[in-house]
Amino acid sequence: MKLLHRQIFKELLKLFGLTVSCLLGLILIGRMLQLRSLFLSQNIGFLNILELFFYLTPFFLLLVAPISTMLSVFLTFLRMSTDNELTALKANGVSLYRMLPAPVIFCTLSMLFTFFISMWGLAWGMDMFKTSLYEFARSQSRFALQPGVFNKEFPGITFYAHQVNNETGELKFAFVRDQSIDGASVVVVAPEARIVSSPESAEVRITFNRGKIFRQNNDELNVLRFGSYSIRLDLAQLLGGYSFGEEKAKDMTFAELSRIRKDPTLGPNQTAQFLRKVDTEYFKRLTLPLGCLILGMFAIPVAYVFRGLKQQYGLLLSMGLFVLYYSMFSIGVSMGEGGTIPPVYGLWAPNVLYVFVAAVGIRLANQERSLPLVQWLAHLRNWRRAEA
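Residues numbered from 1 in each chain as written. Predicted model: local features only at pLDDT ≥ 70, side-chain atom pairs only at ≥ 80, totals over all residues. Heavy atoms only, no water.

### So, the state of the cysteines
Logical step 1: All chains considered together, the criterion is met by zero disulfides.
Logical step 2: As a non-bridged cysteine, Cys292 has Cys107 as the owner of its nearest cysteine sulfur, 8.1 Å distant.
Logical step 3: In this structure Cys292 comes out as buried when scored by relative accessible area, which is 0%. (Disulfide = S-S within 2.5 Å. Buried < 20%, exposed > 50% of the residue type's maximum accessible area, 1.4 Å probe, protein only.)

Structure representation (structure tokens):
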């Protein structure tokens with residue numbers, strides 16, 4: 001039995017690694033296409049892109065781990081069922097219950113790994129992603145002001161400087177035109193200026209010295225002289241609207257979410273909508289890791305009862321059941337954040353349902369009984385063959 005459990009566990013690990021790699025690759029490629037305008041405009045290097053995606057990996061793993069666990073268990077037992085290995089083991093007195101230790105240990109390890117991602121890894125990854133993205137934007141904001149070149153990276157604002165010192169941020173003969181205000185145009189001209197970045201407030205400040213402000217409003221033109229004048233620019237505009245200052249529930253650690261649920265005054269925002277998001281995120285961090293164990297156990301009877309059908313039919317139905325799980329989960333998240341139902345009900349409902357189905361399915365599979373739906377599909381297949 002130890003050899004059997006060892007072989008099943010090895011196959012589960014191989015399929016899990018393959019599934020996670022494929023799904024993460026697809027997700028990261030999609031994310032790269034989504035942020036392509038940001039990368040092109042900021043001239044971020046390939047290694048920097050890989051670094052940013054590495055910090056996003058915990059967020060994706062929280063979603064990918066349950067489906068990877070389920071597919072690994074399903075494909076392993078489906079192959080054993082198709083190759084009649086399960087039948088041979090049954091003939092030698094090895095019941096399905098005696099084969100459960102390997103998948104149970106595998107699903108438990110996957111659940112613990114996902115709990116680690118949920119409790120600590122997700123917040124760390126999002127924090128590092130924000131920090132790295134800000135540093136890239138902060139450094140690029142200086143070098144983007146090349147001497148003698150008009151810069152339009154900030155929407156509605158045009159920069160120009162005749163001379164630029166990239167080390168100190170000093171500008172000579174600087175020019176700025178602000179067209180972000182409807183119906184008005186503001187031009188600031190000064191013989192010298194300086195760029196100062198503020199990591200704490202995620203802002204870039206440009207300070208002009210001894211210059212003039214030209215403000216045109218319809219047919220009226222006003223000219224003002226100044227000794228010192230500052231323009232503050234939010235780096236979120238440079239990053240396509242990505243917000244640094246706003247602290248979101250999905251970026252917090254599980255401990256922070258727990259503290260805010262107990263004492264809402266500890267949160268950065270005490271609105272009802274924010275507190276609902278905190279409550280929803282709290283239960284999401286609990287239910288998704290448990291989904292690894294539940295979906296893994298659910299996949300065993302699904303693979304076992306499809307030994308009379310072709311593999312593609314079983315795979316399609318398995319994917320359909322998995323899509324159903326995530327659809328229920330997504331609906332629970334949306335309704336929880338919207339206040340339609342308490343998040344505890346919406347997010348725990350899919351797990352409770354699939355636990356029940358998994359328990360019944362494993363019992364039927366051990367008794368070599370199929371679900372009525374499977375019997376109907378097998379009958380339909382035999383009827384088509386007879387007609388042919």
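### Some points on the packing of aromatic side chains
Centre distance and the angle of the planes are the two values used to describe a pair of aromatic rings.
Logical step 1: In this structure the tally under the stated criterion is 16 aromatic pairs.
Logical step 2: Considering the side-chain rings of Phe54 and Trp124, the 6.3 Å spacing of their centres and the 85° angle between planes classify their relative orientation as edge-to-face. Within this pair, whereas Phe54 is found in helix α3 (residues 46-82), its partner Trp124 is found in helix α5 (residues 101-143), the two being separated by 70 residues in sequence.
Logical step 3: Of the residues examined, Trp124 reaches a relative accessible area of 41% and is grouped as partly exposed.
Logical step 4: The structure contains a cluster of three or more aromatic residues connected by ring pairs, namely Phe298, Phe322, Tyr325, Tyr326 and Tyr354.
Logical step 5: It is Arg261 that lies over the ring of Tyr282; its NZ or CZ is 4.1 Å from the centre. (Phe/Tyr/Trp six-rings, centres within 6.5 Å; stacked < 30°, edge-to-face > 60°. Helix = DSSP H or I, 4+ residues; strand = E, 2+ residues; numbered from the N terminus. Lys NZ or Arg CZ within 6 Å of the ring centre and 35° of its normal.)

### Quick word on helix α10 (residues 343-366)
Logical step 1: In a regular helix each residue adds 1.5 Å, so 24 residues correspond to 34 Å; α10 covers 35 Å between its end C-alpha atoms and thus fits that length.
Logical step 2: Taking the largest bend as the criterion, α10 deviates by roughly 35°, centred on Ala349, and proline Pro350 comes between one and four positions later.
Logical step 3: For α10, the full list of buried residues reads Pro343, Gly346, Leu347, Pro350, Asn351, Tyr354, Ala358, Gly361, Ile362, Leu364, Ala365 and Asn366. (Expected span 1.5 Å × (residues − 1). Bend = angle between axes of the 7 residues up to and from the residue.)

### Quick word on helix α7 (residues 254-262)
Logical step 1: Listing the buried residues of α7 in full gives Phe254, Leu257, Ser258 and Ile260. With its buried residues spanning 165° around the axis, α7 presents them on a single face. (Arc of directions from axis to C-beta.)

### Brief notes about the pattern of salt bridges
Logical step 1: In the structure shown here, the tally under the stated rule is seven salt bridges.
Logical step 2: We note a salt bridge from Arg210 to Glu192, for which the minimum N-O separation is 3.5 Å. Placement of the pair is Arg210 in strand β4 (residues 203-217) and Glu192 in strand β3 (residues 184-198), with a sequence separation of 18 residues.
Logical step 3: Glu192 sits in the partly exposed class, given a relative accessible area of 23%.
Logical step 4: Because the salt bridges share partners, they merge into one network encompassing Lys172, Glu192 and Arg210. (Salt bridge = Lys/Arg side-chain N within 4 Å of Asp/Glu carboxyl O.)

### Section: a nonpolar patch on the surface
Logical step 1: Among the surface-exposed residues, Leu353, Phe356, Val357 and Val360 lie close enough to one another that they form a single nonpolar patch of about 340 Å² accessible area.
Logical step 2: With respect to the secondary-structure elements, Leu353 resides in helix α10.
Logical step 3: We classify Leu353 as partly exposed; its relative accessible area is 38%. (Patch = residues over 30% accessible without salt bridge, like charges linked within 9 Å, V, L, I, M, F, W, Y side chains within 5 Å. Areas by Shrake-Rupley, 256 points an atom, 1.4 Å probe, with all protein chains shown as cover.)

### Section: the environment of Thr280
Logical step 1: Residue position: Thr280 is located in helix α8 (residues 272-304).
Logical step 2: In this structure the C-alpha to C-alpha distance between Thr280 and Gly332, which are 52 residues apart in sequence, comes to 8.8 Å.
Logical step 3: If near-sequence neighbours (up to four positions away) are discounted, Thr280 is found in contact with Val333, Gly336, Glu337, Pro343 and Leu347. (Contact = heavy atoms within 4.5 Å.)

### Looking at the confidence of the model for the chain
Logical step 1: When the pLDDT values of the chain are averaged, the result is 79; 78% of them are 70 or greater.
Logical step 2: Ranking the helices and strands of the chain by mean pLDDT puts α8 first, with 90, and helix α2 (residues 36-42) last, with 55. (pLDDT = per-residue confidence, 0-100.)

### Side note on the nonpolar core
Considering soluble globular proteins, one finds that nonpolar side chains tend to be buried as a cluster.
Logical step 1: By size, the foremost hydrophobic cluster in this structure holds 72 residues, and its most contacted members are Val73, Phe77, Leu96, Met99 and Ile300.
Logical step 2: For this core, the elements supplying multiple residues, two or more each, are α1 (2-34), α3, α4 (85-91), α5, α7, α8, α9 (311-338) and α10.
Logical step 3: Here this core gets 18 residues from one element, more than from any other, and that element is α3.
Logical step 4: Sequence-distant contacts of Met99, defined by excluding residues within four places in its chain, comprise Leu4, His5, Met80, Leu86, Leu89 and Val94.
Logical step 5: Phe159, Leu171, Ile206 and Leu233 belong to the second largest nonpolar core, which has 18 residues in total. (Core = buried A, V, L, I, M, F, W, Y, C linked by side-chain atoms within 4.5 Å.)

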